[in-house]
2 protein chains.
Amino acid sequence: MKYLHTMVRVSDLDASLDFYCNKLGLVERRRRDVPAGKFTLVFLSAPGDEDAMIELTYNWAPENLTGGRNFGHLAYQVDDIYKLCESLSKQGVVINRPPRDGRMAFVRSPDGISIELLQKGEAKPAREPWASMPNTGSW
Amino acid sequence: MKYLHTMVRVSDLDASLDFYCNKLGLVERRRRDVPAGKFTLVFLSAPGDEDAMIELTYNWAPENLTGGRNFGHLAYQVDDIYKLCESLSKQGVVINRPPRDGRMAFVRSPDGISIELLQKGEAKPAREPWASMPNTGSW
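**Student:** I'd like to hear about the domain arrangement of chain A, residue by residue, with values.
**Tutor:** Residue and element names in this part refer to chain A. With domains assigned, chain A is organised as domain 1 (1–60) and domain 2 (73–133). On a C-alpha basis, the centroid separation for the pair domain 1 and domain 2 is 21 Å. Those elements that provide at least two residues to the side of domain 1 that touches domain 2 are strand E1 (2–9) and helix H1 (13–23). Considering each element in turn, the side of domain 1 that touches domain 2 owes the most residues, five residues, to H1. Taken together, the residues of the side of domain 1 that touches domain 2 break down into seven nonpolar, three polar and three charged.

Here you go:
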């Protein structure tokens, strides 16, 4: 038995690929357009970790994608949480839970999917501007 | 960068462990009770695939956990989709999307998390009672 992927629906494929790939750093592995069903599937995974995927499902018919409480978040280990959060922030992504402890941060995808970022190995020493940055919204 | 886990919230930890472990076949890898925060975290993964986890978050305060549309499902590859669906069904789990094609089935966790089961390798030859079994509900 093997974990394959977590599927999330996306309302704007370009905006989602910009977030997940350009900003967060995941890599597109394969894509399938299904005109008969009017949907597109895009599989992403972290660089160096091709096995565990996210499947983005883009239904061509517009849909308002709300969240629920039973799903919590997706979590990724990252090499440098400060560097990634700085890069995300510069590109307009709100750091909902800044890495005040040098260990953990949360952001959200354009459709509100909560994403946990965890520093690989030991937590980094606390550092400004993160150490004193308040939370923004929920995650 | 590395995928770590997908977190889902559960309203009844015993019922969830019964579903995810006893019925679906995942294995509990570690658990953390946090009395100060009144929550319990349980990490599960598939046998033989310890890296990609599900994190169950059980908040001790009762909560009604509804679903949303931005999250889709968790997907697992399974060795014998007929055998697993028969076992799930015998234990009272509704097979929302039966494996009519010998390849794909969907069930739901007690809190409504949709779970896709995909046959490893080639699809199995169509077989009753699955081949003619209708869908039940949504997934």
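Alright, that's what it looks like, and here's the rest.
**Student:** Go over the relation of the copies chain A and chain B, please, and point to the residues and values.
**Tutor:** Note on the identical chains: chain A maps onto chain B by a rotation of 180° and an axial translation of 0.0 Å, with an RMSD of 0.0 Å. As the rotation angle and translation indicate, the two copies are arranged about a two-fold axis. Across chain A, the smallest distance between a C-alpha and the rotation axis is recorded for Gly68(A), namely 2.0 Å.

**Student:** I'd like a description of the sheet that holds strand E2 (residues 27–34) of chain A, backed by residues and values.
**Tutor:** Taken together, seven strands build an open sheet; the order of strands is E2(A)-E3(A)-E4(A)-E1(A)-E5(B)-E7(B)-E6(B) and the sheet is mixed. Single-partner strands in this sheet number two, and they are E2 of chain A together with strand E6 (104–108) of chain B. For this sheet the average axis-to-axis angle between neighbouring strands, irrespective of direction, equals 25°. Judged from the five bridges that link them, E6(B) and strand E7 (residues 114–119) of chain B form a sheet pairing that is antiparallel. Counted as the bridge partner of Ala105(B) is Leu117(B) from E7(B). Packing against the sheet, H1(A) makes contact with E2, strand E3 (39–46) and strand E4 (49–59) of chain A, and its axis sits at approximately 5° to E3(A).

**Student:** Got a sec to walk through the pairing of E7(B)? Specific residues and values, please.
**Tutor:** Residue and element names in this part refer to chain B. Counted residue by residue, E7 has five buried out of six residues, so it is predominantly covered. Note that strand E5 (residues 71–78) and E7 share five bridges and pair parallel. Bridging from a neighbouring strand, Gln-77 pairs with Leu-118 of E7. Counting the residues in the hairpin turn of E6 and E7 gives five residues, including Gly-112, whose phi is positive at 85°.

Conventions adopted
Residues numbered from 1 in each chain as written. Chains lettered and ligands numbered in written order. Predicted model: local features only at pLDDT ≥ 70, side-chain atom pairs only at ≥ 80, totals over all residues. Domains from an automatic or database assignment. Helix = DSSP H or I, 4+ residues; strand = E, 2+ residues; numbered from the N terminus. Nonpolar A, V, L, I, M, F, W, Y, C, P; charged D, E, K, R; others polar. Least-squares fit on C-alpha atoms with pLDDT ≥ 70 in both. Pairing = 2+ DSSP bridges. Axes fitted to C-alpha atoms, helices over the stretch in contact; angles between N-to-C directions. Contact = placed C-beta atoms within 7 Å. Buried ≥ 20, exposed ≤ 12 C-beta atoms within 10 Å, placed from the backbone.

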